[in-house]
There are 2 protein chains.
Amino acid sequence: MNYEDLQAAAERDFENHDPSEVLASLADEHPADIAHHLDEWSSEAGLALLKRLDVARQAKVFGYLDDERQLEWAEQLPSEALVELVSEMNADERADLVAEFPETLQQLLYGKLEREEAEDIQRLVAYEEETAGAIMTSDVVSLHDRMTVQEALDSLRDQAPDSETIYRAYVVDDHDHLVGAIRLQNLIFARRDRPITELMESNALAVHVTDDQEEVAKQIAKYDILAVPVVDDDDRLVGMITHDDALDVVQDEATEDIHSFGAVSDLPISVRDAPLTTMYRKRIGWLILLVFGALFSSGGIAYFEDTISAYVALVFFLPMLIGSAGNAGSQAATLMVRALALGDVQIKDWGIMIGRELLVALALGVTMALAVSSIGIFRGGPDVAIVVAATMLIVVIFGSLLGMSLPFVLQQLKVDPATASAPLVATMADAGGVIIYFGIATMVLGLPASPA
Amino acid sequence: MNYEDLQAAAERDFENHDPSEVLASLADEHPADIAHHLDEWSSEAGLALLKRLDVARQAKVFGYLDDERQLEWAEQLPSEALVELVSEMNADERADLVAEFPETLQQLLYGKLEREEAEDIQRLVAYEEETAGAIMTSDVVSLHDRMTVQEALDSLRDQAPDSETIYRAYVVDDHDHLVGAIRLQNLIFARRDRPITELMESNALAVHVTDDQEEVAKQIAKYDILAVPVVDDDDRLVGMITHDDALDVVQDEATEDIHSFGAVSDLPISVRDAPLTTMYRKRIGWLILLVFGALFSSGGIAYFEDTISAYVALVFFLPMLIGSAGNAGSQAATLMVRALALGDVQIKDWGIMIGRELLVALALGVTMALAVSSIGIFRGGPDVAIVVAATMLIVVIFGSLLGMSLPFVLQQLKVDPATASAPLVATMADAGGVIIYFGIATMVLGLPASPA
């Protein structure tokens with residue numbers, strides 16, 4: 001049965017007041033799909049259905065709902081049901097949820113949860129956003145370094161139900177210091193009486209709780225690993241970050257960069273569901289800032305008003321020339337923003353990159369100059385063609401170097417390089433382009449410049 | 001020892017002709033790190049070091065080198081060494097490598113490899129790029145549906161050395177049809193004489209060999225799974241795609257989208273290492289296209305030349321107004337491109353999104369109109385202020401709707417929505433902005449429009 005049929009069937013069922021049948025039709029579905037179905041219902045109907053699932057399944061489904069829906073429903077659940085649900089959820093997912101709760105609800109929850117669970121949540125909630133601590137789970141399998149393979153397998157079996165994965169287990173000493181990592185694969189095919197220290201990788205990669213989530217995802221991507229252990233200042237094992245978390249981080253960071261590059265402030269919720277006032281707020285700041293940025297172009301135009309009055313035909317070429325400066329700049333910025341995000345290029349490569357960009361921009365500029373000089377001859381004769389071609393060459397190089405450098409400067413200033421958005425680079429290139437263009441025109445065509 | 005020290009030490013060693021010591025210093029490193037070190041050496045020295053690794057390690061390290069380096073070294077290796085290396089490599093990595101080989105080298109290799117291996121490579125190489133078939137590995141664990149748990153574990157042990165992961169195994173019938181999936185975790189804790197069909201998930205998610213890689217990655221991300229099986233037209237198990245492949249796909253697709261959005265043609269190699277001619281080629285096409293796009297703006301300016309001559313002060317506001325149209329458009333395009341890529345928004349949502357965008361753009365336009373009208377009064381009096389404010393309101397709405405719609409149109413035309421790049425949207429918005437601006441100015445200020 002395809003989705004439309006299922007939905008239609010479910011709606012018919014629900015009109016006839018038989019949510020049990022709706023649930024029966026969802027019984028075999030993956031929790032991610034059930035979450036998707038529930039989300040398509042009205043908030044009331046969805047919550048009513050959720051409540052009828054057993055608590056283990058509720059917790060799984062809940063983890064796949066989006067943040068707003070989670071919060072909305074959590075606040076509507078009776079507190080006993082909420083406590084039960086939170087107890088069942090994955091350590092990392094529930095910490096993300098509780099972090100969004102109003103203070104009073106958090107306190108209520110901490111009071112009713114078992115002490116150990118409450119402390120676990122409080123610890124995870126305390127980590128700063130976008131750090132390893134904030135995305136890790138504390139549901140990690142730890143094995144003692146004096147165990148044998150048999151003891152380790154027994155311990156794995158006990159820990160399995162509460163662990164996010166048992167395929168990677170971490171070995172700790174008496175003081176919980178991380179001493180190694182071990183793969184389930186190696187354990188199950190090993191002689192049962194061997195000490196696990198013989199099987200473990202002792203120089204296991206680990207990340208620190210305060211490491212940036214992007215760095216952690218890069219590590220997981222680089223080494224193609226299933227999970228990475230997280231340690232605190234004293235090298236004690238405190239959690240683990242798994243491949244699916246890394247995938248989420250990579251996706252979220254790409255979204256953040258793409259939005260930022262289009263001059264939209266970070267929008268962590270779906271563009272389809274976000275309140276219109278949020279959409280307005282995420283965009284107006286940049287638009288206003290850029291309009292005032294454009295005043296520099298206007299200032300340039302005002303300064304050269306006499307030149308423009310005397311030679312209105314010059315305005316014809318203005319969009320082409322300043323547009324090209326912005327386009328070349330956007331290209332260069334794009335390449336740098338992405339290369340910096342992937343770690344392909346680092347701050348120390350600025351010198352090399354400037355050199356490379358200069359050569360590429362020179363070639364681009366010459367090609368573009370040839371392309372517009374023909375239009376220049378046609379529209380305004382040889383003098384104008386020379387002005388236009390020279391301007392094009394210079395503004396393409398100017399725009400490219402500007403677009404290439406800005407992300408480095410921002411990175412150096414600890415600002416996200418993706419803030420060097422296409423519109424920002426274009427606005428800056430415009431201002432430079434106006435001055436270069438009319439400056440050259442005034443020189444070549446011999447018109448006096450006078451302040452407006 | 002940090003990286004600089006290691007590198008310095010290695011260079012000293014190598015000058016003294018003792019690559020063994022260099023290798024000894026790398027012995028405990030992860031293959032990804034060894035690949036990184038080798039890449040920092042000259043091509044000759046790196047290859048010399050690689051050759052001294054044992055073949056299993058060679059194959060692992062090789063898999064982490066970038067494509068160009070792989071190809072370069074593969075062509076320099078003696079054919080016996082190459083055959084040995086290729087035999088040892090992961091099925092998916094070696095297929096990617098061989099696909100890049102010149103035809104003669106491919107044939108040579110197929111002649112020298114064992115028949116089964118040669119056929120496996122040929123099959124994988126044949127799948128179209130960016131499909132599930134092209135990124136999958138054929139190193140997948142398959143279990144027969146009549147096996148018991150004990151038989152399955154024995155089979156896993158045999159298959160383990162050649163498999164990319166044994167944590168997910170797939171159950172097939174006599175005709176290799178996929179009938180279910182099973183987790184190692186469930187096998188090892190089950191009674192040894194149980195049939196595995198009792199433990200397997202029978203409605204296992206699977207993808208088709210011709211599915212787009214992006215869709216596959218979305219599935220893995222959605223369901224937080226370790227791997228997904230790949231089937232052919234007859235539902236036979238032919239391979240598997242693992243979480244690390246999904247992560248690579250997500251990263252590559254994000255890079256492609258970001259580049260595309262900055263009007264750079266797809267650049268699959270590092271911007272730091274790409275030949276300058278490649279960099280030129282990836283950029284010049286869009287720059288030329290956009291310059292001719294800007295001719296529409298120029299045409300608008302030519303059409304209204306009399307208005308402009310009579311009222312040169314209007315040029316002052318040109319960058320602000322057409323810039324704002326482009327900026328609002330870039331924002332809207334950014335949001336849509338990303339939402340379409342993530343599947344947050346689909347073609348069928350166009351109607352809703354137009355409605356939402358209209359309201360947001362109206363609010364943005366009113367705010368922007370107020371912001372520029374004050375500048376308008378100051379620079380040109382009430383009449384100009386009215387022209388400028390009305391233009392701003394209309395161009396922001398125009399740019400927003402354009403930027404929002406273009407990605408949908410492209411998606412509908414089966415073109416990557418990210419082709420609706422910030423520069424393209426800005427160029428189109430510019431042309432509209434010029435006509436709207438001078439059109440309104442001509443109407444309000446009562447100047448005659450005449451063709452230039």
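Up top you'll find the structure we're talking about.
None of these values were measured; they are calculated from a predicted model. Throughout, residues of each chain are indexed from 1 in the direction in which the sequence is written. By the order in which they are written, chains take letters starting at A while ligands take numbers starting at 1. Local features are withheld for residues below a pLDDT of 70 in this predicted model, meaning they are given only at 70 or higher, and side-chain atom pairs are given and counted only at 80 or more; totals for whole chains, interfaces and linings count all residues. The side-chain values count all of the structure's non-hydrogen atoms but skip hydrogen atoms and water molecules.

*Asks:* Any details on the packing of helix 16 (residues 276-303) of chain A against helix 19 (residues 350-412) of chain B? Residues and values, ideally.
*Replies:* Comment: axis = line fitted to C-alpha atoms, over the contacting stretch for helices; angle = value between 0 and 180 degrees taken between N-to-C directions. Secondary structure elements follow DSSP: runs of H or I no shorter than four residues count as helices, runs of E no shorter than two count as strands, and numbering proceeds from the N terminus. The geometry of helix 16 of chain A relative to helix 19 of chain B is characterised by a closest axis approach of 11 Å and an angle of 35° between their N-to-C directions. As helix 16 of chain A packs across helix 19 of chain B, the resulting crossing turns out to be right-handed. For this scheme, ten residues count as nonpolar: Ala, Val, Leu, Ile, Met, Phe, Trp, Tyr, Cys and Pro. Four count as charged, namely Asp, Glu, Lys and Arg, and the remainder, Gly too, count as polar. The residue makeup of the contact of helix 16 of chain A with helix 19 of chain B, split by class, is 19 nonpolar, two polar and four charged. Less than a right angle of anticlockwise turn of the near helix away from the far helix marks a crossing as left-handed, whereas a clockwise turn marks it as right-handed.

*Asks:* Please provide a residue-by-residue account of a negative patch on the surface, values included.
*Replies:* Residues and elements named next belong to chain A. Patches here: salt-bridge-free residues with over 30% relative accessible area, like charges joined within 9 Å, nonpolar side chains (Val, Leu, Ile, Met, Phe, Trp, Tyr) joined within 5 Å. For every accessible area listed, the method is Shrake-Rupley and the probe measures 1.4 Å; residues are considered covered only by the protein chains on display. What counts as a salt bridge is simple: a side-chain nitrogen of Lys or Arg found within 4 Å of a carboxyl oxygen of Asp or Glu. The sign given to each residue is positive for Lys and Arg and negative for Asp and Glu; His and the chain ends receive no count. Lysine's charge is taken at NZ, arginine's at CZ, aspartate's at CG and glutamate's at CD. A contiguous patch of negative charge, built from Asp 66, Asp 67, Glu 68, Asp 96, Glu 100, Glu 128, Glu 129, Glu 130, Asp 212, Asp 248, Asp 252 and Asp 266, is present on the exposed surface. Sorting the residues of the negative patch by element identifies helix 6 (67-76), helix 8 (91-100) and helix 15 (243-261) as the ones contributing at least two each. Secondary-structure assignment places Asp 266 in the loop between helix 15 and helix 16. Categorising residues by exposure relies on relative accessible area from a 1.4 Å probe, with only protein chains included: less than 20% of the type maximum marks a residue as buried, more than 50% marks it as exposed, and the intermediate range marks it as partly exposed. On the basis of relative accessibility, which here comes to 34%, the residue Asp 266 falls in the partly exposed class.

*Asks:* Can you lay out the pattern of salt bridges for me, pointing to particular residues and giving the numbers?
*Replies:* Residue and element names in this part refer to chain A. By the definition in use, this model includes 42 salt bridges over all chains. Residue Asp 39 pairs with Arg 69 through a salt bridge whose shortest N-O separation is 3.5 Å. Remark: Arg 69 occurs in helix 6 and Asp 39 occurs in helix 3 (residues 31-40); sequence separation between them is 30 residues. Owing to a relative accessible area of 31%, Asp 39 belongs among the partly exposed residues under this scheme. A relative accessible area of 15% places Arg 69 in the buried class. A salt bridge links Arg 272 to Asp 273; its shortest N-O distance comes to 3.9 Å. Assessed through its relative accessible area of 30%, Arg 272 is described here as partly exposed. By relative accessible area, which is 39% here, Asp 273 ends up partly exposed.

*Asks:* Kindly report on helix 3 of chain A, identifying the contributing residues and their values.
*Replies:* In terms of burial, helix 3 of chain A is a largely internal element, seven of the ten residues being buried. Those residues of helix 3 of chain A not exposed but buried are A:Pro31, A:Ala32, A:Asp33, A:Ile34, A:Ala35, A:His37 and A:Leu38.

*Asks:* Before we move on, can you summarise the packing of aromatic side chains with the specific residues and values?
*Replies:* All names here are of chain A. Working definition: rings of Phe, Tyr and Trp (its six-membered ring) pair if their centres are within 6.5 Å, and the pair is stacked with planes under 30 degrees apart, edge-to-face with planes over 60 apart, and tilted otherwise. Here the structure, examined in full by the defined rule, presents eleven aromatic pairs over all chains. Centroid distance Phe 316 to Phe 317: 5.0 Å. Interplanar angle 80°. Geometry classified as edge-to-face. Considered together, Phe 316 and Phe 317 belong to a single accessibility category, that of buried residues. Aromatic side chains Trp 350 and Phe 408 sit 5.5 Å apart centroid to centroid with 5° between the ring planes, which places their arrangement in the stacked category. According to the relative accessible area criterion, Trp 350 is partly exposed, its value standing at 29%.

*Asks:* Describe a nonpolar patch on the surface, listing the residues and the values that go with them.
*Replies:* Residues and elements named next belong to chain A. Taken together, the side chains of Leu 362, Val 366 and Leu 370 present a nonpolar region at the surface, about 270 Å² in accessible area. Tracing the backbone through its elements, the reader meets Val 366 in helix 19 (residues 350-412). Overall, the relative accessible area of 40% leaves Val 366 in the partly exposed class.

*Asks:* I'd like a rundown of the interface of chain A and chain B, residues and numbers included.
*Replies:* Facing 107 residues of chain A, the contacting portion of chain B comprises 107 residues. Here the quantity called buried area is the accessible surface, traced with a 1.4 Å probe, that two parts lose on coming together, added over both. Summed over both sides, the interface of chain A with chain B buries roughly 9800 Å², with 69% coming from carbon and sulfur. When the area that chain A buries against chain B is broken down by residue, the three leading residues are A:Tyr167, A:Arg272 and A:Arg283, summing to 8%. We note a salt bridge from A:Glu305 to B:Arg379, for which the minimum N-O separation is 3.8 Å. Here the side of chain A that touches chain B takes 18 residues from helix 16 of chain A, the largest share from any one element. For the side of chain A that touches chain B, the class distribution of residues is 68 nonpolar, 21 polar and 18 charged. Contact criterion: two residues are considered in contact whenever any of their non-hydrogen atoms come within 4.5 Å of each other.

*Asks:* Now, about the sheet that holds strand 4 (residues 207-208) of chain B: what can you tell me, with residues and values included?
*Replies:* Residue and element names in this part refer to chain B. At least two DSSP bridges between two strands are required for those strands to pair. Ordered by their spatial adjacency, three strands build an open sheet running 4-5-6, and the pairing between neighbours is mixed. Each edge of the open sheet is held by one strand with a lone partner, namely strand 4 and strand 6 (237-242). Pairing of strand 4 with strand 5 (residues 227-231) involves two bridges; the strand directions are parallel. The partner of His 208 across the bridge, within strand 5, is Val 231.

*Asks:* I'd love a proper account of the sheet that holds strand 1 (residues 142-144) of chain B, names of residues and values included.
*Replies:* Residue and element names in this part refer to chain B. Strand order in the open sheet made by the three strands is 1-2-3, with mixed pairing throughout. Where the open sheet ends on each side, the last strands, each with one partner, are strand 1 and strand 3 (178-183). Strand after strand, the sheet turns through a mean of 35° between neighbouring axes, direction not considered. Relative to strand 3, strand 2 (residues 168-172) runs antiparallel, the two being bridged by five bridges.

*Asks:* Please provide a residue-by-residue account of helix 10 (residues 115-126) of chain A, values included.
*Replies:* Residue and element names in this part refer to chain A. Here helix 10 spans 16 Å end to end across twelve residues, near enough to the 16 Å set by a 1.5 Å rise per residue. Along helix 10, the residues that are buried comprise Glu 117, Ala 118, Asp 120, Ile 121 and Leu 124. Taken end-on, helix 10 shows its buried residues confined to a sector of 160°, consistent with a single buried face. More than 90 degrees from the buried face of helix 10, the exposed residues found are Arg 115, Glu 116 and Ala 126. Turning to helix 10, the residues buried within the fold contact helix 7 (79-88), helix 8, helix 9 (103-112) and helix 11 (132-135). Each helix should span, by expectation, one fewer than its residue count multiplied by 1.5 Å. Our arc is simply the arc of the directions from the helix axis toward the C-beta atoms.

*Asks:* I'd like to hear about the relation of the copies chain A and chain B, residue by residue, with values.
*Replies:* The two chain copies are connected by a rotation around an axis plus a translation along it. To line up the copies, we fit them by least squares on C-alpha atoms, keeping just the residues with pLDDT of at least 70 in both. Least-squares fitting of chain A to chain B yields an RMSD of 0.1 Å, with the transformation described by 0.0 Å of translation along the axis and a rotation of 180°. Within this description, the copies of the chain are treated as partners about a two-fold rotation axis. Interface residue correspondence from chain A to chain B reaches 100%, placing this contact among same-surface, isologous pairings.

*Asks:* Explain the environment of A:Val125 residue by residue, including any values.
*Replies:* Residue and element names in this part refer to chain A. Examined against the element boundaries, Val 125 turns out to sit in helix 10. For Val 125 and Asp 233, which are 108 residues apart along the polypeptide, the C-alpha to C-alpha distance reads 18 Å. Those residues within four positions of Val 125 in sequence are excluded, and the remaining contacts are Ala 95, Ala 99 and Tyr 110.

*Asks:* Go over the packing of helix 16 of chain A against helix 20 (residues 422-445) of chain A, please, and point to the residues and values.
*Replies:* Residues and elements named next belong to chain A. Orientation of helix 16 relative to helix 20, taken along the N-to-C sense of each, is 5°, at an axis distance of 8 Å. Taken as axis vectors, helix 16 and helix 20 run roughly parallel relative to one another. Packed against helix 16, whose contacting residues are Trp 286, Leu 290, Gly 293, Ala 294, Phe 296, Ser 297, Gly 300 and Ile 301, the element helix 20 presents Pro 423, Leu 424, Thr 427, Asp 430, Ala 431, Val 434, Ile 435 and Phe 438 at the interface. Here the contact of helix 16 with helix 20 is composed, by residue class, of eleven nonpolar, four polar and one charged. Just so you know how the angles are binned, under 35 degrees is roughly parallel, over 145 roughly antiparallel, 65 to 115 roughly perpendicular, and the rest oblique.

*Asks:* So what's going on with the environment of A:Ser373? Which residues, and what values?
*Replies:* All names here are of chain A. Counting through the fold element by element, Ser 373 comes out in helix 19. Once the C-alpha coordinates of Ser 373 and Val 384 are considered, the two residues, eleven residues apart in sequence, prove to be 8.3 Å apart. Setting aside its immediate chain neighbours within four residues, Ser 373 contacts Ala 385 and Ala 389.

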